[in-house]
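# Secondary and tertiary structure notes
Here is how the chains run, residue by residue.
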Amino acid sequence: MTFTRRKMLVGMAGVVALGVVGGGARYWLGRPADPVTHDYELIAAPADIELVAGAKTPAWCYGGQAPGVELRARQGDWLRVRFINHLPEPTTIHWHGIRLPLNMDGVPYVSQLPVMPGESFDYLFQVHDAGSFWYHPHTTSAGQLGRGLVGPLIVEEREPSGFRHERTLSLKNWHVDKQGAFTDFSVPREAARAGTPGVLSTVNGEHAPTLELPAGQVVRLRILNVTNTLTYRLNLSDGQARIYAIDGHPILPRPLGKEYWLGPGMRIDLALKVPAVGEHISLRNGPLRLATLTSVATAETEGDWPAPLPANPVAEPDLEKAETLRFNFEWAGTLSADTGPTGAFTFWQINGQAWDINDKTCADRPIATLQRDGHYIFELRNLSQYQHPIHLHGMTFKVISSNRKRIDPWFTDTYLLGKNETARIALVADNPGVWMFHCHVIDHMETGLMAAIEVV
Ligand code: C2O
Ligand code: CU
Ligand code: CU
């Protein structure tokens, strides 16, 4: 599992050869030859953005904006992204929630070598599931995600979904001061608690924007939490909204209810029935307004609730024959904790093991080994006073029970494990590889709350 420079050079040669033999050169020269493939060139580079009125923030951007440009593909198609690193440090791209081969997963020293400044890397994979996903680096994450390297990845349903209108809303909470300058992305004292909070919330990079929606229509709102540490308590001041999908995966539509907790990394697809012209709805985080949705005139006839979205082709775990594995999530530090041998703080652990973010060999010691195509139940026990959005790479799992709330099972890639909660999730280990299993509160992940799970 340890990467060498040579292996990567061989990897690049492989891509070139593919281009010559498989008609890939044509593929690069123009889309029309292969309309079912989605081709992007994506550049990560520093650029100033305006978060605080009249002030500049030295963000890091994908495609010149933060959050980054929206990438789109259609279910079943191939997505190809030539990624170019113009940042001053190494990086990678991880495709959050996408089930893909390990060598496209973007984890440094596990999937690939970091992409060095000035270098490029070709990501190429097929998207099996429709839904709202996102992308971000998996290297020095607090700083890289914190500076803005986060972006939506939308996979459209194979057949028209019944939604005529949609909007993507990327929620991010920034670590900036009143002059727009960045403040610390991760402070040890906070990393040992709920995670270092930001202070300025934006929707698509704008603080409390007003978004116009067509009156009388049903609009799909794809809401993505791409922030480092904050769990949003989403609610709408008015209007009727139903949940159609959670973390990309369809559910039987149900009312949004009073409040939905959207942890870091999580997504929700809502259908919103837009009221009559001139009415406003607030999208809020608890009592705080994130955006104003304004109803504007449209010539279209009134829309109705679309049918439920078709299920994604995720293997159904067989709970009868599944083997149960237990994972304890614990606080392991003392507030004056010394750093480990590599200089990293380790405040958190899974089954007694803390991931050391500076140790490139951690993935060589997986916390669990699953047999390929085996069925598993993971019992997740949170022994701490803080909640953890627990995320698994490579495979989608089904949430089946909790000792805290009633669970209507659903498929997801991230489960928000509450304080002292024990929950059970189930999956079929159908993707061979070494997969990261971590809390998506970035400074928890970087101070121990990560592990590797191997499927052999
Ligand atoms: Cu959103 Cu390990 O990732
Ligand atoms: Cu992920
Ligand atoms: Cu956590």
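Residues numbered from 1 in each chain as written. Chains lettered and ligands numbered in written order. Predicted model: local features only at pLDDT ≥ 70, side-chain atom pairs only at ≥ 80, totals over all residues. Heavy atoms only, no water.

The protein goes by Multicopper oxidase family protein in an unreviewed UniProt entry, where it is assigned to Stutzerimonas zhaodongensis.

## Digging into the coordination of the copper ion (ligand 3)
Within the protein, His388 (ND1), Cys439 (SG) and His444 (ND1) serve as the donor atoms for the copper ion (ligand 3), at 1.9 to 2.1 Å. Taken in sequence order, the residues that donate to the copper ion (ligand 3) follow the motif H-x50-C-x4-H. Of this pair, His388 sits in strand E24 (residues 388-392) while His444 is found in helix H5 (residues 442-445), placing the two residues 56 residues apart along the sequence. Like His388, the residue His444 is buried in the burial classification. (Donors = N, O, S within 2.8 Å, 3.2 Å for Na, K, Ca; no water. Helix = DSSP H or I, 4+ residues; strand = E, 2+ residues; numbered from the N terminus. Buried < 20%, exposed > 50% of the residue type's maximum accessible area, 1.4 Å probe, protein only.)

## Focus: the sheet that holds strand E28 (residues 422-428)
Strand order in the open sheet made by the six strands is E21-E20-E23-E28-E25-E26, with mixed pairing throughout. A strand with exactly one partner marks an edge of an open sheet, and here the two such strands are strand E21 (348-350) and strand E26 (410-412). Across this sheet, the average inter-strand angle for adjacent strands is 30°, counted without regard to direction. Pairing of strand E23 (residues 375-382) with E28, which is carried by seven bridges, proceeds in the antiparallel orientation. By the bridge assignment, Tyr376 is partnered in E28 with Leu427. (Pairing = 2+ DSSP bridges. Axes fitted to C-alpha atoms, helices over the stretch in contact; angles between N-to-C directions.)

## Some thoughts on the domain arrangement of the protein
As assigned here, the protein comprises domain 1 (5-156), domain 2 (165-296) and domain 3 (323-455). On a C-alpha basis, the centres of domain 2 and domain 3 stand 25 Å from each other. At the junction of the two partners, domain 2 supplies 23 residues and domain 3 supplies 21 residues. Across the domain 2/domain 3 interface, buried area totals approximately 1,800 Å², and carbon plus sulfur atoms make up 59% of it. In this structure, the connection of domain 2 to domain 3 is made through one salt bridge. Of the charged contacts, one joins Arg267 and Asp413 as a salt bridge, the two residues approaching to 2.8 Å between their closest N and O atoms. Applying the counting criterion to the domain 2 and domain 3 interface returns nine residue pairs in polar contact (both at pLDDT 80 or more). Those elements that provide at least two residues to the side of domain 2 that touches domain 3 are helix H4 (188-191) and strand E15 (249-255). Residue composition of the side of domain 2 that touches domain 3, grouped by class: 11 nonpolar, nine polar and three charged. (Domains from an automatic or database assignment. Contact = heavy atoms within 4.5 Å. Buried area = accessible area lost by both parts, 1.4 Å probe. Salt bridge = Lys/Arg side-chain N within 4 Å of Asp/Glu carboxyl O. Polar contact = N/O pair within 3.5 Å; in protein donor to acceptor, adjacent residues only side chain to side chain. Nonpolar A, V, L, I, M, F, W, Y, C, P; charged D, E, K, R; others polar.)

## Quick notes on the nonpolar core
Counting 83 residues, the largest nonpolar core has Ile223, Phe327 and Phe378 as the members making the most contacts within it. Residues Leu42, Tyr62, Val81 and Leu153 belong to the second largest nonpolar core, which totals 25 residues. (Core = buried A, V, L, I, M, F, W, Y, C linked by side-chain atoms within 4.5 Å.)

## A word on the coordination of the copper ion (ligand 2)
Within the protein, the atoms that donate to the copper ion (ligand 2) are His94 (NE2) and His391 (NE2), at distances of 1.9 Å. Separated by 297 residues along the polypeptide, His94 in strand E5 (residues 94-96) and His391 in strand E24 bring together distant segments of the chain. Of the two residues, His94 and His391, neither departs from the other in class, the shared state being buried.

## Here we look at the packing of aromatic side chains
Each aromatic ring pair is specified by the distance between its two centres and by the angle formed by the two planes. Tallied over the full model, the rule gives 16 aromatic pairs. Each ring, one from Phe163 and one from Tyr244, has its centre 5.2 Å from the other, and the planes form 75°; the classification is edge-to-face. With Phe163 in the loop between strand E8 (151-156) and strand E9 (165-174) and Tyr244 in strand E14 (residues 240-246), this pair connects stretches of sequence that are 81 residues apart. Both residues of the pair, Phe163 and Tyr244, count as buried. Clustering of aromatic rings is evident, with ring pairs tying together Tyr62, Phe83, Trp95, Phe121, Tyr123, Phe125 and Tyr135. A cation sits over an aromatic face here: Arg147 above Trp60, 4.6 Å from the ring centre. (Phe/Tyr/Trp six-rings, centres within 6.5 Å; stacked < 30°, edge-to-face > 60°. Lys NZ or Arg CZ within 6 Å of the ring centre and 35° of its normal.)

## Focus: the sheet that holds strand E6 (residues 120-126)
Read from one edge of the open sheet, four strands run E2-E1-E4-E6, paired in mixed fashion. A strand with exactly one partner marks an edge of an open sheet, and here the two such strands are strand E2 (57-62) and E6. Neighbour-to-neighbour, the strand axes of this sheet turn through a mean angle of 20°, independent of strand direction. Two strands pair when backbone bridges link them, and strand E4 (residues 78-85) and E6 are joined in this way by seven bridges, in the antiparallel orientation. Opposite Ile84, over in E6, you have Ser120 as the bridge partner.

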